[in-house]
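The chain contents come next:
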Amino acid sequence: MKPERAALAIAPFACAVLVACGGGSGEQAPVRTATVTPASPPPTATAAVPDPAGFALPAATVDAPDAGPPPATAQALPPPKPVTIPLSSAAGTDPADDELKAGDAAFEAGDFAEAGKHYAVAHRVAPKVAGPLVGAARVAIARTSLPMDYAAARGNRAVAAAAADLRRAVKADATFGPAYVELGRALLLLGDAAGAIETLRKGAQMLPDIAEAHSALGVALLATGHGDESLTELSRAVELDYGSAARHGNEGTVLFMRGRVPDAIREYELQVRLADGDARAHSDLGTALLAHNEIPRAEAELRHAITLDPSRAAFHSNLGYALQIEGKLLDAIAEYRAALALDVKNASAWINLATALAKDPATRKDARDALEKARAIDPTDPRVKANLEELDALEHGTVAP
C-alpha cells in the first residue's frame, strides 16, 4: 500500500484554506482571516477552497511554471498594504471623513469596539452617507466571531441584519464600491453564492486598484467552483499588494489546486519570506514541495511548521507522509499517531497510518482497524475502499507490499 497522497495539506479566506485577507477580522491573515470551505456548495459549485492544513489532494498534473517575477530570494519586497478598505471619500472632504478614517484604523488593528464608536459618530455627523452604514455592518459581522467560510452564517440574524444595512448603503450610494464588497462578503457567509459573486464583481469593478476587493472576489469564486476566474482575481490582488504574505499564500493555494505546483512553490516561498514566523506558511510550502517530490526540503519545512505550531494535526500527518517516502517508517508512524492524538477524526491520518502499518505483516490487523476508523468518519470516502482492497490483496499474497 502506498502512503495516501490525498492526505497532503495545503492551507484560512485569507488569506489553504484560501484566505480572503479582510472583511471579517481585519487581520492580515493568509485563504487568512477567513477560509472559504463550502460545507453545502450551491448547485454550480465544482470545487471547494481547501484548508491548507488538512485537505485531500488528488494527484496533480504539473504545468511548466509561467514566466514571473525574479526568484523570491532576489526580490526587494514592499511592505504590505492595509487589508481594510477605506470608507472615507476619495477627496477627503466629507464631514464624516475623519471619523471614518479613525474607524478604519481601529478595525485594521482588530479593535472592533473602538471602530464601532467612530463609525457611529460618523453616522451622526453624516446620516445620509453610505460609509458609516458600511462600517457599522462590517463591525457587526466581525463581532460574530464566525469563521469566514461559505454559508458559515446561514440563518445568523446578526449577519442577516448587517446584510440588510449594507443593501441600504448600496441604495444610498450606488457608486460606493466598499458597500458592494462588504455586502458580497456577507452574502457569501449567508450562503447566497450567486448574489455574492454578482455583488463582489461590481465592487471589484468600482475599486480596480484595491487589492482586497479582488481578493474577496477571488475567494468567493474559488469557493463556488470558478477556479480559473479566481486565479485571475487573486493574481491581481498580488500585483496590487506584492508585500502581502497572505495574498501570495492565496495565489499559491489556487495554483496548487490547479496542478501548477512549481508556480505554487514560488508563491509559497515568497509567503514564507514575508511571514517566516507563520506555521501555516511553512506547511503550505512543505506540502507543495512534497507534491513536487522535493522530499528533504519538504521535510525541513514541515518540521519547521511543527516547531512553530505543534498543535496542528495536519502538520504531523504531512510530515509523516514525507518520512514514509524517505523510508523512515517508524518515524512516520509516530507522526501519524501524533496527528491522531490531536484530532481523532482526521481521516487522512488514519489512512496514512494504515499504509505504513500494512508494510509489516505483524501490524496489518492494526492497519485494517485504522482503515475502519477512517470509514467510520466518512463511509463514502473512496480512498478507504481502495486501501481496503489493496490490504486484502496483500493479505492474500497477490501483490507485493
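Because the structure is predicted, anything quoted here is derived from the model rather than measured.

Colleague: Go over the overall build of the protein, please, and point to the residues and values.
Modeller: On a plain count of helices and strands, the protein comes out with 17 helices and 0 strands. Residues classed as buried in the protein amount to 56% of the 401 residues present. For the protein, the exposed area adds up to about 16,200 Å²; of that, 56% sits on carbon and sulfur atoms.

Colleague: Break down the nonpolar core for me, with residues and values.
Modeller: Leu 290 and Leu 353 are the most contacted members of the largest nonpolar core, which totals 51 residues. The element best represented in this core is helix α15 (residues 347-357), accounting for 8 residues. Residues contacting Leu 353, with those up to four places away along its chain left out, are Ile 333, Tyr 336, Arg 337, Leu 340 and Ala 370. Ala 153, Val 159, Leu 166 and Ala 223 belong to the second-largest nonpolar core, a separate cluster that totals 49 residues.

Colleague: Go over the side chain of Ser 235, please, and point to the residues and values.
Modeller: Mapped onto the secondary structure, Ser 235 falls in helix α8 (residues 227-240). A distance of 2.8 Å separates the side chain of Ser 235 from the backbone oxygen of Leu 231, its partner in a polar contact.

Colleague: Lay out the confidence of the model for the protein in plain terms, naming residues and giving numbers.
Modeller: The share of residues in the protein with pLDDT of 70 or more is 81%, and the mean pLDDT across the chain is 84. This model gives residues 4-20 a pLDDT under 50, and the stretch forms 146 contacts once residues within four places in sequence are excluded. Residue range residues 22-72 is modelled with pLDDT below 50. Its contacts to residues more than four positions away, or to other chains, number 198 contacts.

Colleague: An account of the pattern of salt bridges is requested, with residue identities and associated values reported.
Modeller: As enumerated under the stated definition, the model contains 26 salt bridges in all. Arg 247 is the partner of Glu 212 in a salt bridge, and the nearest nitrogen-oxygen pair spans 3.0 Å. Separated by 35 residues along the polypeptide, Glu 212 in helix α7 (residues 211-223) and Arg 247 in helix α9 (residues 245-257) bring together distant segments of the chain. With respect to burial, Glu 212 and Arg 247 carry one shared label: buried. The closest approach of N and O atoms between Lys 385 and Glu 389, which form a salt bridge, is 2.6 Å. Here Glu 389 and Lys 385 lie together in helix α17 (residues 382-395), a separation of 4 residues that amounts to about one turn.

Colleague: Run through the side chain of Asn 346, naming residues and quoting values.
Modeller: Within the fold, Asn 346 resides in the loop between α14 (329-342) and α15. For Asn 346, a relative accessible area of 13% translates into the label buried. Contact partners of Asn 346, with chain neighbours within four places excluded, come to Ala 313, Ala 314, Leu 340 and Ile 377.

Colleague: Run through the environment of Ile 197, naming residues and quoting values.
Modeller: By the element assignment, Ile 197 lies in helix α6 (residues 193-206). A sequence separation of 22 residues divides Ile 197 from Val 219, and the C-alpha atoms of the two residues are 9.8 Å apart.

Colleague: An account of the packing of aromatic side chains is requested, with residue identities and associated values reported.
Modeller: Under the counting rule described, the total for this entry stands at 1 aromatic pair. Over the ring of Phe 107 we find Arg 138; its NZ or CZ atom is 5.3 Å from the centre of that ring.

Colleague: Any details on α7? Residues and values, ideally.
Modeller: Taking 1.5 Å of rise per residue, 13 residues should cover 18 Å, and α7 covers 18 Å from first to last C-alpha, within 8% of that figure. One or two residues past the end of α7 sits Gly 225, with phi positive at roughly 90°.

Colleague: So what's going on with the packing of helix α13 (residues 313-325) against α15? Residues and values would help.
Modeller: Contact pair α13 / α15: the axes reach a minimum separation of 10 Å and the direction vectors enclose 20°. As the angle between them shows, α13 and α15 are arranged roughly parallel. Crossing of α13 over α15 shows left-handed handedness. On α15, the residues that touch Ser 317, Tyr 321 and Gln 324 of α13 are Ser 348, Ala 349, Asn 352, Thr 355 and Ala 356. Across the contact of α13 with α15, the residue classes tally to 3 nonpolar, 5 polar and no charged.

Colleague: Tell me what's going on with the environment of Ala 174, and back it up with residues and numbers.
Modeller: Relative to the helices and strands, Ala 174 resides in the loop between α4 (157-172) and α5 (177-189). In this structure Ala 174 comes out as partly exposed when scored by relative accessible area, which is 47%. As a C-alpha pair, Ala 174 and Ala 130 span 44 residues in sequence and 9.3 Å in three-dimensional space. If near-sequence neighbours (up to four positions away) are discounted, Ala 174 is found in contact with Tyr 180 and Met 206.

Colleague: Can you tell me about the environment of Leu 319, naming the residues and giving the values?
Modeller: Along the chain, the position of Leu 319 falls in helix α13. Among the residues examined, Leu 319 registers a relative accessible area of 1% and is labelled buried.

Colleague: Explain unusual backbone geometry to me, using residue names and the numbers behind them.
Modeller: Unusually for a residue other than glycine, Ala 151 sits at a positive phi of about 65°. Summarising the element assignment, Ala 151 is placed in the loop between α3 (130-143) and α4. Residue Asn 293 is not a glycine yet carries a positive backbone phi of 65°. Positionally, Asn 293 belongs in the loop between α11 (279-291) and α12 (295-308).

Definitions and limits used
- Residues numbered from 1 in each chain as written.
- Predicted model: local features only at pLDDT ≥ 70, side-chain atom pairs only at ≥ 80, totals over all residues.
- Heavy atoms only, no water.
- Helix = DSSP H or I, 4+ residues; strand = E, 2+ residues; numbered from the N terminus.
- Buried < 20%, exposed > 50% of the residue type's maximum accessible area, 1.4 Å probe, protein only.
- Areas by Shrake-Rupley, 256 points an atom, 1.4 Å probe, with all protein chains shown as cover.
- Core = buried A, V, L, I, M, F, W, Y, C linked by side-chain atoms within 4.5 Å.
- Contact = heavy atoms within 4.5 Å.
- Polar contact = N/O pair within 3.5 Å; in protein donor to acceptor, adjacent residues only side chain to side chain.
- pLDDT = per-residue confidence, 0-100.
- Salt bridge = Lys/Arg side-chain N within 4 Å of Asp/Glu carboxyl O.
- Phe/Tyr/Trp six-rings, centres within 6.5 Å; stacked < 30°, edge-to-face > 60°.
- Lys NZ or Arg CZ within 6 Å of the ring centre and 35° of its normal.
- Expected span 1.5 Å × (residues − 1).
- Axes fitted to C-alpha atoms, helices over the stretch in contact; angles between N-to-C directions.
- Parallel < 35°, antiparallel > 145°, perpendicular 65-115°, else oblique.
- Left-handed = near helix turned anticlockwise from the far one by under 90°.
- Nonpolar A, V, L, I, M, F, W, Y, C, P; charged D, E, K, R; others polar.

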